[in-house]
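Remarks on the overall topology
Letter by letter, the chains look like this.
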Amino acid sequence: MIDLSFLDNKIILITGHTGFKGRWLVRLLDKLCNAKLMGVAPKDIFFQESRVFFENIDIDEIFFDISDFKKVDDLIRKVSPDVIIHLGAQSLVNDAITNPLKTFSSNILGTANILSASGSLDKKIMFLNITSDKVYKNSENLDPFTESSELGGLDPYSCSKSCAELISHSFFDTYVNKLKLSKLSIANLRAGNVIGGGDFGLNRIIPDIHRTIKLGEKLQLRMPYAIRPWQHVLDCLSGYLHALNYIASFEECVSIDFNVGPQNFEKVTVLDICEHAKKWFPMLIYELNSAVVAESEFLLLDSKLLSETTGWSPLYNTHEAIDQTFKWYHSFENGHDASALINKEVTDYLTNNRSFKKAVTI
Ligand SMILES: NC(=O)c1ccc[n+]([C@@H]2O[C@H](COP(=O)([O-])OP(=O)(O)OC[C@H]3O[C@@H](n4cnc5c(N)ncnc54)[C@H](O)[C@@H]3O)[C@@H](O)[C@H]2O)c1
């Protein structure tokens, strides 16, 4: 069980707070500690979508692209954060294939900018570098990746996330470890495929299912047999917060890598997810689309290190996570308010999951 009250009165800067994970993270932190929350993201498609999720939440927001170093540096100097949770990224594999330079700029340069600006402040900052299971070189053999597996994502998105990790390792080794010029304490967190309500992103299987049902269309299933480490967003975020608690327990600056994924190695395919969706949405129609895609077919993640080191364990297994997710979209389609649904789900999660010592506002 962890106690996040050490975050009370601290300043937490969240990049990409308007995205899928950010919407849930802000709500979770709002209930778990009395920190001052600050978010930074551009006024892009996520901005409008996210407005409803921040109702009754005390968060300061600022809107710009983190690939602009001057803006990042000015913000970090002004805010002087104690914790940075770096979610902000172009996160879609297909968009990265269409527009690799935008993805490299946001994900590689953006990460370098945040590290460089925060690393030059004369204070200890805990930095969660949110990357992906796609950082690993994938030999498609179904062996789960461990933290010591070789890095080397091939498609542009995966490559950008591998680079974000290499840059973080380089900053720590050079400026913290050797030159002692910086006081960053870093966790590089490699999550699997995260699912949950409130995600309306394109080319992600669950939002795609939701969208086609709404529009009464037929879903084109690309990569139906792809296996992914599916995980509920709250279990993933709980993993991030356990990692944060862990690095906070050290007096000195540390750098550590953790996988964050489901604890079992259930081989659940995209097609299995569609079949499950029919329980909640029997009207779903899909067809298999065999178009060539530049993504890995198999991906499994070993998250034992995070569990054994920090005491983290997910509340949901993969099937429960999928069910919980479709239940959210089902309630949403039946007229429930998105923000209220997230609020209730976070409250229920904290009540049922005994990992957190105290929640301040539930
Ligand atoms: N969702 C998943 O399944 C998954 C899995 C593994 C890793 N990740 C990683 O987790 C993080 C969050 O994922 P998500 O699902 O919330 O993504 P998302 O696409 O829903 O949200 C991305 C957020 O980043 C912001 N952003 C994009 N480009 C930016 C830029 N140049 N400057 C500042 N902000 C920018 C967006 O505005 C948005 O707020 C990302 O780094 C993603 O790569 C996601």
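Here the residue index of a chain counts from 1 through its sequence in written order. Selection of residues for local features in this predicted model requires a pLDDT of at least 70, selection of side-chain atom pairs for listing and counting requires 80 or more, and totals for whole chains, interfaces and linings are taken over all residues.

1. Some points on the overall build of the chain
The helix count covers DSSP runs of H or I at least four residues long, the strand count covers runs of E at least two residues long, and both are numbered beginning at the N terminus. Across its full length, the chain carries 12 helices and 11 strands. The dimensions of the chain, computed from C-alpha atoms along their principal axes, are 60 × 45 × 40 Å. Any residue whose C-beta has 12 or fewer other C-beta atoms within 10 Å is treated as exposed, any with 20 or more as buried, and any in between as partly exposed, C-beta atoms being built from the backbone. The 362 residues of the chain split such that 48% are buried. By sequence separation, contacts in the chain at least 24 residues apart represent 81% of the contacts at least 6 residues apart. Once C-beta atoms have been placed from the backbone, residue pairs whose C-beta atoms lie within 7 Å are recorded as contacts.

2. Overview of the sheet that holds strand 3 (residues 59–63)
Note: strands within a sheet are paired through backbone hydrogen bonds, in either parallel or antiparallel orientation. Judged by pairing direction, the sheet is parallel, and its 7 strands sit side by side in the order 3-2-1-4-5-6-10 without closing on themselves. The strands lining the two open edges of the sheet, one partner per strand, are strand 3 and strand 10 (255–260). Direction aside, neighbouring strands of the sheet carry axes that sit 15 degrees apart on average. Pairing between two strands is assigned when DSSP locates at least 2 bridges connecting them. Where strand 1 (residues 11–15) and strand 4 (residues 83–86) come together, 4 bridges link them in parallel fashion. When the sheet's bridge partners are listed, Leu 13 is paired in strand 4 with Ile 84. Packed on one face of the sheet, helix 5 (residues 100–119) meets strand 1, strand 4, strand 5 (125–130) and strand 6 (184–191) and runs near 175 degrees to strand 4. Axis definition: a line fitted to C-alpha atoms, over the contacting stretch in the case of helices. Angles run 0 to 180 degrees between N-to-C directions. Across the sheet, helix 6 (residues 156–178) is in contact with strand 5, strand 6 and strand 10; its angle to strand 6 comes to roughly 160 degrees.

3. A closer look at the packing of helix 3 (residues 69–79) against helix 5
Close contact between helix 3 and helix 5 brings their axes to 9 Å; oriented N to C, the two are set at 35 degrees. Where helix 3 crosses over helix 5, the handedness of that crossing is right-handed. Residues Phe 69, Val 72, Asp 73 and Ile 76 of helix 3 pack against Asn 113, Ile 114, Ala 117 and Ser 118 of helix 5. Classes in brief: Ala, Val, Leu, Ile, Met, Phe, Trp, Tyr, Cys and Pro nonpolar; Asp, Glu, Lys and Arg charged; the others, Gly included, polar. Its residues placed into classes, the contact of helix 3 with helix 5 shows 5 nonpolar, 2 polar and 1 charged. By definition, any crossing whose near helix is turned counterclockwise from its far helix by less than a right angle is left-handed, and any crossing with a clockwise turn is right-handed.

4. Things to note about the nonpolar core
By convention in this section, buried Ala, Val, Leu, Ile, Met, Phe, Trp, Tyr and Cys residues joined through C-beta atoms within 7 Å make up a nonpolar core. By size, the foremost hydrophobic cluster in this structure holds 94 residues, and its most contacted members are Leu 128 and Tyr 240. The greatest single-element share of this core, amounting to 9 residues, is contributed by helix 8 (residues 233–248). Residues contacting Tyr 240, with those up to four places away along its chain left out, are Ile 85, Leu 128, Leu 189 and Val 260.

5. Section: the site of the ligand
Taken together, 27 residues sit near the ligand, with Gly 16, Gly 19, Gly 88, Ala 89 and Ser 106 positioned nearest. Residue assignment for the shell around the ligand shows that the elements contributing at least two residues are helix 1 (20–32), helix 5 and strand 7 (193–195). Residues are classed as near a molecule or strand if the C-beta position derived from their backbone is within 6 Å of it.

6. Notes on unusual backbone geometry
One non-glycine residue with positive phi stands out, namely Asn 9, at about 65 degrees. Structurally, the position occupied by Asn 9 is in the segment before strand 1. Of note in the backbone geometry, Met 223 takes a positive phi value of approximately 50 degrees without being a glycine. Locating Met 223 in the fold gives a position in the loop between strand 8 (219–222) and strand 9 (230–232).

7. Considerations on helix 11 (residues 318–333)
It helps to recall that an α-helix has 3.6 residues per turn; residues three or four apart then point in one direction. A helix is expected to reach a length of 1.5 Å times the quantity of its residues less one. When the terminal C-alpha atoms of helix 11 are compared, their 23 Å separation across 16 residues agrees well with the 22 Å that a helix rising 1.5 Å per residue should span. The inward-facing, buried residues of helix 11 abut strand 7, helix 7 (205–215), strand 9, helix 9 (270–280) and helix 12 (338–352). In the segment just after helix 11, Gly 335 is the residue with positive phi, at about 95 degrees.

8. Section: the packing of helix 5 against helix 6
At a closest axis distance of 9 Å, the pairing of helix 5 and helix 6 adopts a crossing angle of 15 degrees. As far as their axial angle goes, helix 6 and helix 5 are roughly parallel. Crossing of helix 5 against helix 6: the hand is right-handed. Counting all contacts with helix 5, which are made through Pro 100, Thr 103, Phe 104, Asn 107, Ile 108, Thr 111, Ala 112, Leu 115 and Gly 119, the residues of helix 6 involved are Pro 156, Tyr 157, Ser 160, Lys 161, Cys 163, Ala 164, Ile 167, Ser 168, Phe 171 and Tyr 175. When an angle is under 35 degrees it counts as roughly parallel; over 145 it counts as roughly antiparallel; between 65 and 115 it counts as roughly perpendicular; any other value is oblique.

9. Notes on the environment of Val 346
Here Val 346 shows up in helix 12. Taking the C-alpha atoms as reference points, Val 346 and Asp 272, separated by 74 residues in sequence, lie 26 Å from one another. Among residues more than four places away in sequence, those in contact with Val 346 are Arg 27, Leu 28, Lys 31 and Leu 234.

Just geometry here; none of it tells us what the structure is for.
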